[in-house]
Amino acid sequence: MNAEAATPPSPDAIAKARRAVRQQAETARLLGVDFVPCFRSIEVETPASLAPAAPTAPALPPDPRRRESEAKMAELRARYERDAPHEKFTTPHQFTNLVWGDGDLCARLMFIGEAPGADEDRTGVPFVGRAGQLLSKMLVAMGLQRESVYIANVLKTRPPNNATPTIEEAALCAPYLHEQIAIVRPEVIVTLGLPASRLVLDSSESMGNMRGRWAEYVGPGLQGPRIPVMPTYHPAFLLRSYTPENRKKVWSDLQMVMTRLGLQPAP
Ligand code: URA
């Protein structure tokens, strides 16, 4: 074993590394990069050269719940494909790929958006276009990796003319979203924008009234406790109205989620 690598870093070295990361984050912020990782991630971002040698981690035992969720999700997707509820409002040549969902099927946090856009339609993966890039920045700022959350949409296919889903379209696809939520059973849901927030909360409130306030998901098929929901503005709306006020509101909503999940700011 390398004796040098096993020597723990001095408190001074750790403080210096933290300062460097903090300064780098602050510089990025000043350069206009928002949603920089300013909390928990700084705490864990000790440069590799200063980190104590990690013991070889034993292989994780297979997680039976994740395997069960994978099987259930595959079955649900196959059922969706057979039922094809989108065929009531779109035709096969109006979209390319089904955009089902992405991420950890045992995630503590689930994001629900509206419908795939052009980039998602092309790739089959939710939130990969400009709005998706902003969502990724938000996740980084929350100290989370995209793979550790689950992301789904109300509609699984790109709507005709890229329009906002109608209530009827959302209702046709809703049963499958409810089942996705029941399979992932996250601790917290964040709904992005009006169609997702209204559907998940069975509400007709405006976005301004819903955002920033905890609500509860009581949807069909849910076993166990109700799921807290934080509605917030859709990243696409934020891109269109990129004001400090709106950014602050979304960040404040996400900070409430962080607190709820115990993602505490570093001291
Ligand atoms: N907007 C959404 O609501 N969902 C996506 O997947 C991409 C953009």
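Residues numbered from 1 in each chain as written. Predicted model: local features only at pLDDT ≥ 70, side-chain atom pairs only at ≥ 80, totals over all residues. Heavy atoms only, no water.

Here we come to the site of the ligand. The full set of residues close to the ligand is Gly-113, Glu-114, Ala-115, Glu-120, Pro-126, Phe-127, Asn-153 and His-234. Measuring from an oxygen atom of the ligand, one finds a backbone N or O atom of Phe-127 at 2.9 Å. Between His-234 and the ligand, the recorded distance is 2.8 Å, taken from a side-chain N or O atom to an oxygen atom. Looking at side-chain class alone, the shell around the ligand contains three nonpolar, three polar and two charged residues. (Near = heavy atom within 4 Å. Polar contact = N/O pair within 3.5 Å; in protein donor to acceptor, adjacent residues only side chain to side chain. Nonpolar A, V, L, I, M, F, W, Y, C, P; charged D, E, K, R; others polar.)

This part is about the pairing of strand E3 (residues 150-153). Side-chain alternation along E3 places Tyr-150 and Ala-152 on one buried face and Ile-151 and Asn-153 on a second face that is also buried. Sheet analysis places strand E1 (residues 102-103) next to E3, joined by two bridges and oriented antiparallel. For Asp-102, the partnering residue across the bridge sits in E3 and is Ile-151. As paired strands, strand E2 (residues 109-113) and E3 are joined by four bridges and run parallel to one another. (Buried < 20%, exposed > 50% of the residue type's maximum accessible area, 1.4 Å probe, protein only. Helix = DSSP H or I, 4+ residues; strand = E, 2+ residues; numbered from the N terminus. Pairing = 2+ DSSP bridges.)

What follows deals with the pairing of strand E4 (residues 188-192). Taking burial as the measure, the five residues of E4 include five buried ones, the bulk of the element. Summarising the sheet, E2 and E4 pair through four bridges and their orientation is parallel. Looking at E4, one finds that Met-110 is bridged to Ile-189. Across four bridges, E4 lies against strand E6 (residues 227-232) in parallel orientation. Considered in E6, the bridge of Thr-191 is made with Pro-231.

It is worth spelling out the sheet that holds E4 at this point. Across the sheet, six strands lie side by side as E1-E3-E2-E4-E6-E5; this open sheet has mixed pairing. Strand pairing shows two members of the sheet lacking a second neighbour, E1 and strand E5 (215-217), which therefore form its edges. Running over the sheet, helix H8 (residues 194-201) touches E2, E4, E5 and E6 and is turned about 135° from E4. (Contact = heavy atoms within 4.5 Å. Axes fitted to C-alpha atoms, helices over the stretch in contact; angles between N-to-C directions.)

Moving on, we come to the side chain of Asp-121. For Asp-121, the position within the fold is in helix H5 (residues 118-123). Arg-158 is the oppositely charged side chain nearest to the buried, salt-bridge-free Asp-121, at an N-O distance of 5.2 Å. Once you skip the residues sitting within four places of it in the chain, Asp-121 turns out to touch Phe-95, Thr-96, Asn-97, Val-99, Pro-116 and Arg-158. (Lys, Arg positive; Asp, Glu negative; His and termini not counted. Salt bridge = Lys/Arg side-chain N within 4 Å of Asp/Glu carboxyl O.)

It is worth spelling out helix H7 (residues 167-184) at this point. For H7, built from 18 residues, the straight-helix expectation of 26 Å at 1.5 Å per residue is met to within 8% by its first-to-last C-alpha distance of 24 Å. At Ala-174, H7 shows its strongest bend, of approximately 45°, with the proline Pro-175 following within four residues. Considered for burial, the residues of H7 that qualify are Glu-169, Ala-170, Cys-173, Ala-174, Tyr-176, Leu-177, His-178, Gln-180, Ile-181, Ile-183 and Val-184. Immediately downstream of H7, the backbone of Arg-185 shows phi near 45°, a positive value. (Expected span 1.5 Å × (residues − 1). Bend = angle between axes of the 7 residues up to and from the residue.)

To continue, consider the confidence of the model for the protein chain. Residue-level pLDDT values for the protein chain average 85, and 78% of them are 70 or greater. Considering only residues more than four positions removed or in separate chains, one finds that residues 37-58, a stretch of pLDDT under 50, has 35 contacts. (pLDDT = per-residue confidence, 0-100.)

Time to look at the pattern of salt bridges. Using the criterion set out here, one finds eleven salt bridges in the structure. A salt bridge links Asp-104 to Arg-66, with the shortest nitrogen-to-oxygen separation between them at 3.0 Å. Linking Asp-104 in the loop between E1 and E2 with Arg-66 in helix H4 (residues 64-83), this pair joins segments that are 38 residues apart in sequence. Since its relative accessible area comes to 29%, Arg-66 is described here as partly exposed. A salt bridge links Arg-146 to Asp-102; its shortest N-O distance comes to 3.0 Å. Here Arg-146 is found in the loop between helix H6 (130-141) and E3, whereas its partner Asp-102 is found in strand E1, with 44 residues between them in sequence. Salt bridges sharing common partners tie together Asp-63, Arg-66 and Asp-104.

A positive phi angle is found at Ala-84, which is not glycine, with a value near 45°. Counting through the fold element by element, Ala-84 comes out in the loop between H4 and E1. Overall, the relative accessible area of 8% leaves Ala-84 in the buried class. With a phi close to 60°, Asn-161 is a non-glycine residue in the positive phi region. Counting through the fold element by element, Asn-161 comes out in the loop between E3 and H7.

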